[in-house]
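# Overview (structure and organization)
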Amino acid sequence: MAFEKQTFWEDISTANTIGIAGHIRPDGDCVGSTLGLAAYIRDNYGKEPEVFLEEVPVAFSFIEGAERVVTGYPSREPFDLFIALDCGDDGRLGKAMNYVKSAKKTYCIDHHATSNGFLENNLVLPDSAATAQIIYTLCEDSKIRKGAAEALYLGIVHDTGVFKHSCTTRETMEVAGALLDHGVSSSRIIDGTFYEKTYLQNQILGRCLMESVLCLDGKVIFSSIDRKIINLYGLGPSDTEGIIDQLRVTKGVEVAILIRELTPRSWRVSMRSCEIVDVSKICSMFGGGGHVRAAGATMSGSRRDVINNLLAEIEKQLTAEE
Ligand code: AMP
Ligand code: MN
Ligand code: MN
């Protein structure tokens with residue numbers, strides 16, 4: 001069904017119970033868009049949506065409402081309204097799909113090119129840099145308070161890599177500017193949640209850079225983190241954020257690949273590209289998805305199988321371009 005802004009807000013104002021969830025392994029946009037929308041509803045509709053996330057990375061715990069996030073997906077009475085943010089298919093929503101199945105009304109608001117319109121009402125805008133940016137455009141600027149503004153700014157900062165990825169548009173900058181007017185401290189969010197790294201995160205970043213390999217005449221850079229390393233350092237999912245971005249800015253590189261072993265022979269794949277390769281197309285082929293310049297998937301096999309499969313697809317796209 002097509003998304004209608006007015007109906008969306010009417011549905012929010014009439015619902016007694018509202019649930020909001022983002023994708024598994026939440027990132028800044030996932031946390032920022034869910035908590036931003038929840039804060040806006042709390043501030044303007046006098047009701048408290050329940051936000052469900054797999055976890056809230058420690059660096060984001062100061063965002064308003066983070067302490068009330070429900071983890072572990074406990075069973076709940078059916079929601080009048082359930083909103084999925086920053087994810088476009090049931091696999092990405094994970095266990096929150098149970099709330100969707102029983103909810104009376106469902107909405108999906110997302111910006112992934114591979115979003116498949118899996119809920120009753122879907123607003124998918126692949127040209128938006130972040131789901132948080134879409135949420136801002138649905139809200140009335142004068143009704144946004146500082147807590148909601150900080151959350152939405154967090155989402156935009158993270159999905160644009162601090163306004164540097166190609167998804168950053170004039171609208172992105174204008175939305176971010178408007179959010180600053182609501183009292184957001186940009187340095188707290190940018191330094192505190194994006195650039196600041198724990199000693200452990202820096203160590204693992206260094207290790208991944210040191211062990212990285214160049215392939216396809218230096219156009220592809222690849223690095224991996226296996227179970228042995230994960231256990232040795234006690235790495236959590238957010239400890240490897242940002243490594244892929246550092247790999248991508250290697251001179252001459254078009255595609256960066258980072259793989260992380262989840263269970264034996266099952267790998268979480270992150271891909272980034274600079275100008276040519278559509279990595280969302282490649283990740284979709286292996287059951288994942290994402291954006292043209294940033295995408296992910298979960299693949300099985302040995303490290304060598306995974307890299308060989310990915311390189312073959314990258315090579316096809318690079319040769320087609322020549
Ligand atoms: P990541 O490498 O995990 O940071 O993911 C890069 C981008 O692709 C993010 O916008 C993710 O939300 C998206 N993404 C990652 N994995 C998947 C997947 N399996 N399906 C759809 N989108 C994904
Ligand atoms: Mn996300
Ligand atoms: Mn996003």
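Residues numbered from 1 in each chain as written. Chains lettered and ligands numbered in written order. Predicted model: local features only at pLDDT ≥ 70, side-chain atom pairs only at ≥ 80, totals over all residues. Heavy atoms only, no water.

### A word on the packing of aromatic side chains
Following the criterion strictly, the structure yields 14 aromatic pairs and no others. Ring geometry for F194 versus Y195: centroids 5.1 Å apart, planes at 80 degrees, classification edge-to-face. Taking the relative accessible area as the measure of exposure, F194 reaches 15% and is therefore buried. The positively charged end of R188 is found above the aromatic ring belonging to F62, 4.0 Å away from the centroid. (Phe/Tyr/Trp six-rings, centres within 6.5 Å; stacked < 30°, edge-to-face > 60°. Buried < 20%, exposed > 50% of the residue type's maximum accessible area, 1.4 Å probe, protein only. Lys NZ or Arg CZ within 6 Å of the ring centre and 35° of its normal.)

### Focus: the nonpolar core
As a rule of thumb, nonpolar side chains are buried together in soluble globular proteins. In terms of nonpolar packing, the biggest core is built from 52 residues, with F8, W9, I20, L37, I83, I109 and L179 touching the most fellow members. Not counting the four nearest positions on each side in its chain, I20 is found in contact with T34, L37, A38, I41, P49, E50, V51, F52, F82, I83 and L85. F222, I282, C283 and L311 belong to the second largest nonpolar core, which has 22 residues in total. (Core = buried A, V, L, I, M, F, W, Y, C linked by side-chain atoms within 4.5 Å. Contact = heavy atoms within 4.5 Å.)

### A short note on the site of ligand 1
Close to ligand 1 lie R92, H112, R268, S270, R272, G288, G289, G290, H291, A294, A295 and G296. In this structure, an oxygen atom belonging to ligand 1 sits 2.8 Å away from a side-chain N or O atom of H112. Here an oxygen atom of ligand 1 and a side-chain polar atom of R272 are 2.9 Å apart. In the complex, 85% of the free accessible area of ligand 1, which totals 480 Å², lies under the protein chains. Elements with a minimum of two residues in the shell around ligand 1: β9 (266-273), β10 (289-290) and β11 (294-300). Considering only residue class, the shell around ligand 1 consists of 2 nonpolar, 7 polar and 3 charged. (Near = heavy atom within 4 Å. Polar contact = N/O pair within 3.5 Å; in protein donor to acceptor, adjacent residues only side chain to side chain. Areas by Shrake-Rupley, 256 points an atom, 1.4 Å probe, with all protein chains shown as cover. Helix = DSSP H or I, 4+ residues; strand = E, 2+ residues; numbered from the N terminus. Nonpolar A, V, L, I, M, F, W, Y, C, P; charged D, E, K, R; others polar.)

### A few points about the domain arrangement of the protein
When the domains of the protein are assigned, the result is domain 1 (5-195) and domain 2 (199-321). Each of domain 1 and domain 2 has a C-alpha centre, and the two are 26 Å apart. Across the contact, 11 residues belong to domain 1 and 13 residues belong to domain 2. With both sides pooled, the region where domain 1 packs onto domain 2 buries about 940 Å², and carbon together with sulfur makes up 50% of that total. Counting the surface domain 1 buries against domain 2, the share from its top three residues, R25, T114 and H165, is 42%. Linking domain 1 to domain 2 there are 0 salt bridges. The interface formed by domain 1 and domain 2 includes 4 residue pairs in polar contact (both at pLDDT 80 or more). Taken together, the residues that form the side of domain 1 that touches domain 2 break down as 2 nonpolar, 5 polar and 4 charged. (Domains from an automatic or database assignment. Buried area = accessible area lost by both parts, 1.4 Å probe. Salt bridge = Lys/Arg side-chain N within 4 Å of Asp/Glu carboxyl O.)

### Topic: the sheet that holds strand β4 (residues 105-110)
Read across the sheet, 5 strands follow the order β2-β1-β3-β4-β5 without closing on themselves; strand pairing throughout is parallel. Where the open sheet ends on each side, the last strands, each with one partner, are β2 (50-52) and β5 (121-124). Pairs of neighbouring strands in the sheet enclose a mean axial angle of 15 degrees, with direction left out of account. As defined by bridge partners, β4 adjoins β5 across 4 bridges and the pair is classed as parallel. (Pairing = 2+ DSSP bridges. Axes fitted to C-alpha atoms, helices over the stretch in contact; angles between N-to-C directions.)

### Section: the coordination of the manganese ion (ligand 2)
Protein ligation of the manganese ion (ligand 2) involves H23 (NE2), D27 (OD), D27 (OD) and D86 (OD), the donor distances falling in the range 2.1 to 2.6 Å. Coordination of the manganese ion (ligand 2) draws on donor residues from a single chain, spaced H-x3-D-x58-D in sequence. Metal-to-metal, the separation of the manganese ion (ligand 2) and the manganese ion (ligand 3) is 3.6 Å; D86 coordinates the two. Of this pair, D27 sits in the loop between β1 (18-21) and α2 (28-45) while D86 sits in the loop between β3 (81-85) and α3 (90-93), and the two are 59 residues apart along the sequence. (Donors = N, O, S within 2.8 Å, 3.2 Å for Na, K, Ca; no water.)

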